[in-house]
Amino acid sequence: MTMRHPLIAGNWKMHKTPQETEEFIVELLPKLAGVGEIEVLIIPPFTSLDRSGTLLQGKSLQLGAQDLHYEAEGAFTGGISARMLAACGCKYVLVGHSERRELFGDDDTIVARKLNAALDSDLMPILCIGETLSEHDLVEEKITRQLTQDLTGVGGKALAKITIAYEPIWAIGTGKTATPEVAQETISMIRRWIASHYDEAAAQGTRILYGGSVKPANAVSLLAQPDIDGALVGGAALVPGSFAQIVDAARL
Ligand code: 13P
């Protein structure tokens, strides 16, 4: 069976200036001593990436971006390409976060194009999927549709570079976390989907995170679930102390 390394990722959304980002990094780094196999990732806004990339060179803290444009370059005002992100030191990029889907119109066709653009530039995509509260009873349908459409054209070799994040939209920023059992059940369903559309080795090798109101207080029980390989953290990732506590929960 393939060993999956845990990943604790902090999605900062629209928070922090470059200066505030630097202060966060300086405070967090000493708290990460001896993280070992656990990968730790911050995902600040675009404007903080270049400076973060310089600060994090050779450090045990990875850098990611919150979104990308699917074209390599051109007349796309406001767009940021995969190559630009890689040049800032990004290793990862979020694709299809529910806020991009719901507030910025990223549909599954766009998400698939972004995913492929990231892979073409050797960025590792974190594909976010999840259902709204009204879709909760139909979670399997929603997730199956997202996986089928978003992974269009992605072969087994490319899949190995993708992390999936299951983020139930009703749990994001609401303080309502999926219970560890519900999160485990949905994530194991995602793994079964991978097994049936790729193979069992791909299913066992794919890293799948949970996101939605992850806090120091609930991180241990979520991360203890056999199919949950890490967390995508919003609010609690904005403070070095609470983010470091979530990283510590993955060490247990
Ligand atoms: P919260 O942890 O603030 O609920 O945000 C989750 C999220 O959307 C991470 O991408």
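Refer to the structure presented above.
A short tour of the structure in this document, coming up. Only a predicted model underlies this, so the values are computations on that prediction, with no experimental measurement involved. (Residues numbered from 1 in each chain as written. Predicted model: local features only at pLDDT ≥ 70, side-chain atom pairs only at ≥ 80, totals over all residues. Heavy atoms only, no water.)

### A few points about helix α1 (residues 18-28)
Reasoning step 1: Turning to α1, its buried residues number three or more, namely T21, F24, I25 and L28. Down the axis of α1, the smallest arc covering the buried residues is 95 degrees, so these residues share one side.
Reasoning step 2: Against β2 (39-43), α2 (49-55) and α11 (240-251) lie the buried residues of α1. (Buried < 20%, exposed > 50% of the residue type's maximum accessible area, 1.4 Å probe, protein only. Helix = DSSP H or I, 4+ residues; strand = E, 2+ residues; numbered from the N terminus. Arc of directions from axis to C-beta. Contact = heavy atoms within 4.5 Å.)

### Here's the deal with the packing of helix α10 (residues 216-223) against α11
Reasoning step 1: Axis separation between α10 and α11 bottoms out at 9 Å; the angle between their running directions is 20 degrees. When the axes of α10 and α11 are compared, the pair comes out roughly parallel. Considering the relative orientation of α10 and α11, their crossing is right-handed. Where α10 abuts α11, its residues P216, A219, V220 and L223 lie against S242, Q245, I246, A249 and A250.
Reasoning step 2: Partitioned by chemical class, the residues of the contact of α10 with α11 number 7 nonpolar, 2 polar and no charged. (Axes fitted to C-alpha atoms, helices over the stretch in contact; angles between N-to-C directions. Parallel < 35°, antiparallel > 145°, perpendicular 65-115°, else oblique. Left-handed = near helix turned anticlockwise from the far one by under 90°. Nonpolar A, V, L, I, M, F, W, Y, C, P; charged D, E, K, R; others polar.)

### A word on the packing of aromatic side chains
Each aromatic ring pair is specified by the distance between its two centres and by the angle formed by the two planes.
Reasoning step 1: Taken as a whole and assessed by the stated rule, the structure comprises 4 aromatic pairs.
Reasoning step 2: Taking 4.6 Å as the distance between ring centres and 70 degrees as the angle between the ring planes, the aromatic pair formed by W12 and F24 counts as edge-to-face. Here W12 is found in the loop between β1 (7-11) and α1, whereas its partner F24 is found in helix α1, with 12 residues between them in sequence. Comparing W12 with F24 shows no difference in burial state: the two are buried.
Reasoning step 3: Grouping aromatic residues by their ring pairs yields a cluster made of W12, F24 and F243.
Reasoning step 4: Above the plane of the ring of W12 lies K16, whose end atom (NZ or CZ) is 5.5 Å from the centre.
Reasoning step 5: Sitting over the face of the ring of F104, R100 holds its NZ or CZ atom 3.9 Å from the ring centroid. (Phe/Tyr/Trp six-rings, centres within 6.5 Å; stacked < 30°, edge-to-face > 60°. Lys NZ or Arg CZ within 6 Å of the ring centre and 35° of its normal.)

### Section: the site of the ligand
Reasoning step 1: In the vicinity of the ligand lie 13 residues, with K13, G173, S213, G234 and G235 positioned nearest.
Reasoning step 2: The separation between an oxygen atom of the ligand and a polar main-chain atom of S213 is 2.8 Å.
Reasoning step 3: In this structure, G234 approaches the ligand through a main-chain N or O atom, which is 2.9 Å from an oxygen atom.
Reasoning step 4: Its free accessible area being 310 Å², the ligand has 96% of it covered by the protein chains.
Reasoning step 5: When grouped by side-chain class, the residues that make up the shell around the ligand number 4 nonpolar, 7 polar and 2 charged. (Near = heavy atom within 4 Å. Polar contact = N/O pair within 3.5 Å; in protein donor to acceptor, adjacent residues only side chain to side chain. Areas by Shrake-Rupley, 256 points an atom, 1.4 Å probe, with all protein chains shown as cover.)

### Comments concerning α10
Reasoning step 1: Residues N218, A219, L222 and L223 constitute the buried set of α10. Taken down its axis, α10 places every buried residue within 125 degrees of arc, on the same side.
Reasoning step 2: Where α10 is buried, its residues meet β1, α8 (180-197), β7 (207-211), β8 (230-233) and α11.

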